[in-house]
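Coordinate inspection notes
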Amino acid sequence: MKKSTFSEHIAFISIFGLGLFTLVRGVFWFKEQESVLHDSDFYLALHQIMPIWVWGIVVAVFALILTCSSWFLPKQQINNVCNYLLLIGGLGTAIMYFVMLSASIFNAINWLTWVQFSILTVVCGLLGFVGGANIYDRRK
C-alpha cells in the first residue's frame, strides 16, 4: 500500500473541511428554521424562493456528497468514484452558493456575505469542473 503524499493530505483536509462547513450550514437551516428566518432579510429572500428547511436539506445532501469525495481521493487514480462525487457535489454546492449569492447581494447585512458566497461558488464550481474534466479525460 502506498503512503499518502503531503498534497493528498492537504487535498483531503481542504475538500473535507469545505464539505463539512457547507453541511453544517444545511443542517442548521433544516434544524433551526424558525430562528433562522428572524436573523436577516437574506434568509427571508431565500425562504421566498423555497422553504428554508428545503434549502437546508438540498445544501446538506450536496455537501455530504462533496465530503464523501475526499474519502475516495486515495483511489482516484484507480476508479472514478472520487471524480463523480466531486462533479456532483462540487457543481451542486456551487449552484446552491450561486443562488445564495444572488439572494444576498441586496439582502445581506454587509458586503462580506456576498463576497464569501461568490468565493465559495467559484471554489465549489472548480472542484466540480476538475472532477468532470478527469472523467472526460479518462474516456479519451
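Bear in mind that the values here come from a model prediction, so they are computed numbers and not experimental data.

What follows covers the state of the cysteines. In the structure shown here, the tally under the stated rule is zero disulfides. The closest cysteine sulfur to the non-disulfide-bonded Cys82 is located on Cys68, 11 Å from its own sulfur. Under the relative-accessibility criterion, Cys82 is labelled buried at 1%.

Once that is clear, we can look at the packing of aromatic side chains. Taken as a whole, this structure holds seven aromatic pairs when the rule is applied. Pairing Tyr97 with Phe117 gives two aromatic rings, centres 5.9 Å apart and planes at 35 degrees, and the pair type is tilted. With Tyr97 in helix α5 (residues 81-104) and Phe117 in helix α6 (residues 111-139), this residue pair connects regions lying 20 residues apart in the sequence. Both residues of the pair, Tyr97 and Phe117, belong to the buried class.

With respect to the helices and strands, the residue Lys31 is situated in helix α1 (residues 6-31). Exposure remark for Lys31: the relative accessible area of 60% places this residue in the exposed category. Sequence separation between Lys31 and Ile52 is 21 residues, and the spatial gap between their C-alpha atoms is 9.8 Å.

With that settled, consider α6. Look at α6: 43 Å from first C-alpha to last across 29 residues, which is about the 42 Å you get at 1.5 Å a residue. For α6, the complete set of buried residues consists of Phe117, Leu120, Thr121, Cys124, Gly125, Leu127, Gly128, Gly131, Gly132 and Ile135.

Relative to the elements of secondary structure, Ser70 occurs in helix α4 (residues 52-71). Those residues in contact with Ser70 that sit more than four places away from it in its chain are Phe12, Ile15 and Phe16.

All right, on to the environment of Ile135 then. Among the secondary structure elements, Ile135 is positioned in helix α6. Relative accessible area serves as the criterion here: at 7%, Ile135 is assigned to the buried category. Taking the C-alpha atoms as reference points, Ile135 and Leu85, separated by 50 residues in sequence, lie 11 Å from one another. Residues in contact with Ile135, not counting those within four places in the same chain, are Asn80, Asn83, Tyr84 and Leu87.

We now examine the confidence of the model for the chain. In this model, the chain carries an average pLDDT of 92, and 99% of its residues clear a pLDDT of 70 or more. Within the chain, no element has a lower average pLDDT than helix α2 (residues 33-36), which sits at 86, and none a higher one than α4, at 96.

What counts, and at which threshold
- Residues numbered from 1 in each chain as written.
- Predicted model: local features only at pLDDT ≥ 70, side-chain atom pairs only at ≥ 80, totals over all residues.
- Heavy atoms only, no water.
- Disulfide = S-S within 2.5 Å.
- Buried < 20%, exposed > 50% of the residue type's maximum accessible area, 1.4 Å probe, protein only.
- Phe/Tyr/Trp six-rings, centres within 6.5 Å; stacked < 30°, edge-to-face > 60°.
- Helix = DSSP H or I, 4+ residues; strand = E, 2+ residues; numbered from the N terminus.
- Expected span 1.5 Å × (residues − 1).
- Contact = heavy atoms within 4.5 Å.
- pLDDT = per-residue confidence, 0-100.

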